[in-house]
Structures are given as C-alpha cells and as structure tokens.
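Below, each chain spelled out in residue letters.
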Amino acid sequence: MIYTVTLNPAVDYVVHLPAFAEGATNRATGEEIYFGGKGINVSLVLRELGVTSTALGFVAGFTGDALEAHLAAAGVQTDFLRLPEGFTRINVKVKSGGRESEINGKGPAVPLEMVEVLLEKLDRLEEGDTLVLAGSVPGTLPSNIYERMLAHLSGRGVRFVVDAEGALLRATLGYRPFLIKPNRRELSGLVGRTLSNDGELAAAARELQAAGAQNVLVSLGGEGALLLDAEGTVHRAPAVGGAAVNTVGAGDSMVAGFLAGISRGYDRALRLGLAAGGATAGLPGLAGRADILALLKG
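Please read all numbers here as calculations on a predicted model, not as lab measurements.

### Some thoughts on the packing of aromatic side chains
Reasoning step 1: Evaluated as defined, the whole model comprises one aromatic pair.
Reasoning step 2: Between phenylalanine 62 and phenylalanine 87, the aromatic rings sit 6.1 Å apart at their centres with planes inclined by 40°, giving tilted as the arrangement. Of this pair, phenylalanine 62 sits in helix α2 (residues 61-73) while phenylalanine 87 sits in the loop between β6 (81-82) and β7 (89-96); the two residues are 25 residues apart in sequence, bridging distant segments of the chain.
Reasoning step 3: Its relative accessible area of 41% is what places phenylalanine 87 among the partly exposed residues.
Reasoning step 4: Over the ring of phenylalanine 178 we find arginine 159; its NZ or CZ atom is 4.3 Å from the centre of that ring.

### Brief notes about the nonpolar core
Reasoning step 1: Counting residues in each nonpolar core, the largest one holds 46 residues, and the members touching the most others are Phe58, Leu131 and Met149.
Reasoning step 2: Counting 31 residues, the second-largest nonpolar core is a separate cluster that includes Ala237, Ala256, Ala269 and Ala275.

### Section: the sheet that holds strand β2 (residues 10-17)
Reasoning step 1: One open sheet holds the four strands; their spatial order is β3-β2-β7-β8, and the pairing between them is mixed. The open sheet has two free edges, formed respectively by β3 (30-36) and β8 (99-104), since each of these has just one partner strand. Shown here is a sheet whose adjacent strand axes are inclined to one another by a mean of 20°, direction ignored.
Reasoning step 2: Of the pairings in the sheet, the one linking β7 to β8 comprises six bridges and is antiparallel in character. Considered in β8, the bridge of asparagine 91 is made with asparagine 104.

### Quick notes on the environment of leucine 122
Reasoning step 1: Mapping leucine 122 onto the fold places it in the loop between α3 (112-121) and β9 (130-134).
Reasoning step 2: What makes leucine 122 buried here is its relative accessible area of 0%.
Reasoning step 3: For leucine 122 and methionine 149, which are 27 residues apart along the polypeptide, the C-alpha to C-alpha distance reads 7.8 Å.

### Section: the confidence of the model for the protein chain
Low pLDDT means the predicted atomic positions in that stretch should not be read closely.
Reasoning step 1: A residue-level look at the protein chain finds 100% of positions with pLDDT of 70 or above and a mean pLDDT of 94.
Reasoning step 2: Mean pLDDT in the protein chain bottoms out at β8, which sits at 88, and peaks at strand β11 (residues 179-180), which reaches 98.

### Considering the pattern of salt bridges
Where side chains of opposite charge bring their charged atoms close, a pairing between them can arise.
Reasoning step 1: Going through the model one piece at a time under the given rule, you end up with 15 salt bridges.
Reasoning step 2: Note that lysine 121 is salt-bridged to aspartate 79, the shortest N-O span being 2.9 Å. In this pair, lysine 121 is assigned in helix α3 and aspartate 79 in the loop between β5 (77-78) and β6, connecting sequence segments 42 residues apart.
Reasoning step 3: Of the charged contacts, one joins aspartate 198 and arginine 236 as a salt bridge, the two residues approaching to 3.0 Å between their closest N and O atoms. One end of the pair, aspartate 198, is in helix α7 (residues 198-210); the other, arginine 236, is in strand β14 (residues 234-237), and 38 residues separate them in sequence.

### A closer look at α7
Reasoning step 1: Along its 13 residues, α7 runs 18 Å from first to last C-alpha, staying within 8% of the 18 Å computed at 1.5 Å per residue.
Reasoning step 2: Among the residues of α7, those classed as buried are Leu201, Ala202, Ala204, Ala205, Leu208 and Gln209. Buried residues in α7, looked at end-on, bunch into an arc of 165°, giving them a common side.
Reasoning step 3: Elements that come into contact with the buried residues of α7 comprise β11, α6 (184-191), β12 (215-219), β13 (225-228) and β14.
Reasoning step 4: One side-chain oxygen of the residue at the start of α7 lies 3.1 Å from the amide nitrogen of glycine 199, identifying that residue as asparagine 197.
Reasoning step 5: Backbone geometry just after α7 places glycine 212 at a positive phi near 140°.

Rules behind the numbers
Residues numbered from 1 in each chain as written. Predicted model: local features only at pLDDT ≥ 70, side-chain atom pairs only at ≥ 80, totals over all residues. Heavy atoms only, no water. Phe/Tyr/Trp six-rings, centres within 6.5 Å; stacked < 30°, edge-to-face > 60°. Helix = DSSP H or I, 4+ residues; strand = E, 2+ residues; numbered from the N terminus. Buried < 20%, exposed > 50% of the residue type's maximum accessible area, 1.4 Å probe, protein only. Lys NZ or Arg CZ within 6 Å of the ring centre and 35° of its normal. Core = buried A, V, L, I, M, F, W, Y, C linked by side-chain atoms within 4.5 Å. Pairing = 2+ DSSP bridges. Axes fitted to C-alpha atoms, helices over the stretch in contact; angles between N-to-C directions. pLDDT = per-residue confidence, 0-100. Salt bridge = Lys/Arg side-chain N within 4 Å of Asp/Glu carboxyl O. Expected span 1.5 Å × (residues − 1). Arc of directions from axis to C-beta. Contact = heavy atoms within 4.5 Å. Polar contact = N/O pair within 3.5 Å; in protein donor to acceptor, adjacent residues only side chain to side chain.

Take a look at the structure:
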C-alpha cells in the first residue's frame, strides 16, 4: 500500500480576467476549483493509473469537508485528521494578460498533540508499504516533522519517497529514502553549484545518493528527466507532450507515474513518470488515465 502525507492541503480557486484593475471591481470571464496539495496530487494520479493509495494529513472546516468529498468521489481512500479550528486553506490564483498572481492561504494551526496522533496513524504501515512525503511544512508544525515520521518508521521495511526542498530534503537522506525528486534548481541548491549539463546533473545526483538517497529522479521540465537508479545507472529521457500550460502538479504526477511503473523496472518507471508529468503539464488540472496513456504510447 502507498500512503501519501499532505500536511497543508489546499483548495485552489483560479480566476480568469481579461485584465486586472487594482482597487476596482473585477469580473471574471472564467473560474475553476482544484483540490490538492502535493501528496494529494500523487494519490489522485495514482488512482488514475489503477494504483490504490491512502491520503493522510490534516483538514479543517468546510473546505476540508469539500476536499474529502472530492477525493471520495475520485475514488481515493483518505484517513485525514480533522483539526478543531480553522479551515483548509484556499489559494487564489488570478490569471490575466498571460500572467498569474497568487494569494496563498496560511492554513489552520495544528496543535502539537495532533502531530503525535499522526505518528500513531503511521504505525499501520507494514514492510513493503510506501510513504510519500511531499511539499513544505507549514509554520505551525515542527520543522523536523519529516524526520520524526521517518525515524518513527525506521527499521520497519517501509519505502520512503521525499519530494521537498533544501534543508527539509537533506535532513531525510540519512533515512535512505527510496526516491527523491528534485528539479534542476533544487538539485543545484542542494549541492551549492550551477548544473549546466547532464554530466553535472548526474554528478550532483551521485552526491545525494552517497548521502543516503537510493534513487534520484531529477525533473527537467521541457528537457525531460534524469534518473540515477539505486544500482548506479544513469537513465536520461526527453520530455513527452506539447508545450506546458500548467506546471502545478506536474512533478507530483511524475512521482505517481514512477511509483506506478517501478514494479516493471526503471525504464518503465521513468517513461510512465514522464508521461504522467507531461500530460499534467499540458492541462489546466491533473491528467487523467487516457491523457497519460496517450503520451506513454506516443
């Protein structure tokens, strides 16, 4: 079983305007609502690929109710912890004139005792299960919560997947995560230098592997991806799909595709990851099964 953790999920409210006038009433020409957060995105795309997962994390208020209802309708299993106050955050994205402005909500405060309850929930994970930790840690939670979760499960044969940035990711390497997925900018920040070509990317990935990561999947946007697998082999593949219209969720989709394909080997995992990421990048929301398979076969 795959379990995903989203510590600060969100409802994204996207508004389209012909032009934005500050200090005036603006009337939208279109609007959409998306439910997500990085771990939730992974669960949604896994469901499209026929893989069962359970989404964990914190929800609150009427927006938390709507999020749970959406995931249930999509066929995703959930076991969220409900917070006593506040509401699951709303992110407002205003698109006008080819530009996008964002106002991201703060999200509800998480009492420290709820962190302990989350750790207790992780006790259900068994040998061979996979735990996906994705995204940033909200300010109301301990900054070392990822480490605490991995330490809590250490030695139980659980596979760890971490999709995070900077110090948050680096602190998890000692727990030998099965997969990490930095992009070029994030990988460059982790090793402290600019990475201009495949050789430099592979060398940087080997540094993270030496620090503990088993598989390092580097997402490169329109240039595809580079995978350094646990056996030390470098795999390089180009992007699939057309021009990107939306980068939100593309990396999460790549993680989902990789996990859905890994049982059939690294090449299949990389191809399916690229197809899932490319399909989402070409759509306003997360890709569906048909979108992904069309790119996989193309």
